[in-house]
Amino acid sequence: MKSNRIMQSKIYRFLDYVLRLILLNALVVIPSFSFFIIYASLNKTTDNPLIYLSLIPLVLWMFPSIVATSSVIRQYETNDTNTIFKDFFKSLKSTYLKSLLFTIVILVCGMLLYNSVMFFANYIRNSLIHTVGLLLSVSCIAIFIIIVINIILVMSYFKGLRVIEIVKLANIMAFKDLLSNILAMFVVLIFLFLDIAMYVLMAFGGFAIPIYLVIKLTFKKYIKIYRKVEEN
């Protein structure tokens, strides 16, 4: 009886949730960065082409695992599950190919936007048009990040959608309740910079915590549609 009271206490449920987030974070970080960490520890030079091979697991695993982690945390919030590994790998299996396709698209678009920002930033003193171009490029990056966040959320809430349907719904949701989307974008950017600055944070919660916060920030607008879909 005493053990049941402990398990139902707020502190126990809080610590249990924290442990779940740490384990989910490990499922993202360890497969993504393990080869890179091993290479970096054995070879101190950064100009060796082999370093790019160590990033292959990052490309193949990170985005799909983020989608799977988002799906599991969403299920915690909707009380659909209380497991970790089973639902993670179940979600990973069902969304992996779509997630991998989105990885390629995100990388290509990201490089194009980065090159655009760097081009206008380098020539910003030359003319006003370069300043306008820089502002437009930064704005496009912000919109792009918000859309990517909503692609992850759409894939987490709604199963069985085609790629084009995911993109359409993500674009709709990106401009619905714009404030929550902007806050979600800042959460992602802040944790991205913190992850780069503090590897310990990245190892223990640098992915799972921002995913949790983003789901919390966008929960109200997504849960309404999710419940309607479930009813039908």
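Here the structure is shown first, and the text comes after it.
Description of the structure in this document. (Residues numbered from 1 in each chain as written. Predicted model: local features only at pLDDT ≥ 70, side-chain atom pairs only at ≥ 80, totals over all residues. Heavy atoms only, no water.)

### Quick look at the side chain of S71
Here's step 1: Locating S71 in the fold gives a position in helix 4 (residues 56–77).
Here's step 2: Among the polar contacts listed, one links the side chain of S71 to the side chain of K159, at a separation of 3.0 Å.
Here's step 3: Ignoring anything within four residues of it in the chain, the contact list for S71 reads S91, S156 and K159. (Helix = DSSP H or I, 4+ residues; strand = E, 2+ residues; numbered from the N terminus. Polar contact = N/O pair within 3.5 Å; in protein donor to acceptor, adjacent residues only side chain to side chain. Contact = heavy atoms within 4.5 Å.)

### Focus: the layout of surface pockets
Here's step 1: Its volume calculated, the largest pocket comes out at about 1400 Å³.
Here's step 2: Around the largest pocket, the lining comprises 35 residues; the ones closest to its centre are M62, I66, I106, V188 and L192.
Here's step 3: Looking at the lining of the largest pocket, the elements with two or more residues in it are helix 4, helix 5 (85–122), helix 6 (128–157), helix 8 (178–197), helix 9 (199–204) and helix 10 (208–231).
Here's step 4: Per-class residue counts for the lining of the largest pocket are 30 nonpolar, 4 polar and 1 charged.
Here's step 5: Empty space within the second largest pocket amounts to approximately 330 Å³.
Here's step 6: Surrounding the second largest pocket, 13 residues form its lining, V29, F33, I37, Y199 and M202 being those nearest its centre.
Here's step 7: Looking at the lining of the second largest pocket, the elements with two or more residues in it are helix 2 (10–42) and helix 9.
Here's step 8: Classifying every residue of the lining of the second largest pocket by side-chain character gives 12 nonpolar, 1 polar and no charged. (1 Å grid on protein atoms, 1.4 Å probe; cavity = no way out; pocket = protein on both sides within 12 Å on 5 of 7 lines; lining within 4 Å. Points joined across faces, edges and corners; volume = space filled by probe spheres on them. Nonpolar A, V, L, I, M, F, W, Y, C, P; charged D, E, K, R; others polar.)

### Side note on a positive patch on the surface
Here's step 1: Together, K176, K220, K224 and K228 make up a region of like positive charge exposed at the surface.
Here's step 2: With respect to the secondary-structure elements, K176 resides in the loop between helix 7 (163–174) and helix 8. (Patch = residues over 30% accessible without salt bridge, like charges linked within 9 Å, V, L, I, M, F, W, Y side chains within 5 Å. Areas by Shrake-Rupley, 256 points an atom, 1.4 Å probe, with all protein chains shown as cover. Salt bridge = Lys/Arg side-chain N within 4 Å of Asp/Glu carboxyl O. Lys, Arg positive; Asp, Glu negative; His and termini not counted. Charge placed at Lys NZ, Arg CZ, Asp CG, Glu CD.)

### Some thoughts on the packing of helix 4 against helix 5
Here's step 1: As a packed pair, helix 4 and helix 5 sit with axes 7 Å apart at the nearest point and diverge in direction by 130 degrees. Taken together, the axis directions place helix 4 and helix 5 in an arrangement best described as oblique. Considering only the axes of helix 4 and helix 5, their crossing is right-handed.
Here's step 2: Here the residues of the contact of helix 4 with helix 5 are counted per class, giving 16 nonpolar, 8 polar and 1 charged. (Axes fitted to C-alpha atoms, helices over the stretch in contact; angles between N-to-C directions. Parallel < 35°, antiparallel > 145°, perpendicular 65-115°, else oblique. Left-handed = near helix turned anticlockwise from the far one by under 90°.)

### So, a nonpolar patch on the surface
Here's step 1: Where nonpolar side chains cluster on the molecular surface, the patch consists of L53, I56, V59, L60, I104, L107, V108, M111 and L112 and spans about 800 Å² of accessible area.
Here's step 2: Mapped onto the nonpolar patch, the elements with two or more residues apiece are helix 4 and helix 5.
Here's step 3: For the nonpolar patch, the element with the most residues is helix 5, which contributes 5 residues.

### Points about the packing of helix 5 against helix 6
Here's step 1: Interhelical geometry of helix 5 versus helix 6 gives an angle of 165 degrees and a closest axis separation of 9 Å. On the basis of their axis angle, the class for helix 5 and helix 6 is roughly antiparallel. The element helix 5 and its partner helix 6 pack so that their crossing is left-handed.
Here's step 2: Counted by class, the contact of helix 5 with helix 6 contains 17 nonpolar, 7 polar and 1 charged residues.

### Some remarks on the packing of aromatic side chains
Here's step 1: Under the criterion given, the structure shown has 10 aromatic pairs.
Here's step 2: Between the aromatic rings of W61 and F88, the centroid separation amounts to 6.3 Å while the plane-to-plane angle is 45 degrees, which identifies the pairing as tilted. In this pair, W61 sits in helix 4 while F88 sits in helix 5, placing the two residues 27 residues apart along the sequence.
Here's step 3: Residue W61 is classed as buried on the basis of its relative accessible area of 18%.
Here's step 4: For the pair Y157 and F158, a centre-to-centre distance of 6.0 Å together with 40 degrees between the ring planes defines the contact as tilted.
Here's step 5: When its relative accessible area of 3% is taken as the criterion, Y157 is described as buried.
Here's step 6: An aromatic cluster of three or more residues is present, and its members are Y157, F158, Y222 and Y226.
Here's step 7: The ring of Y157 carries the charged tip of R74 above its face, separated from the ring centre by 5.6 Å. (Phe/Tyr/Trp six-rings, centres within 6.5 Å; stacked < 30°, edge-to-face > 60°. Buried < 20%, exposed > 50% of the residue type's maximum accessible area, 1.4 Å probe, protein only. Lys NZ or Arg CZ within 6 Å of the ring centre and 35° of its normal.)

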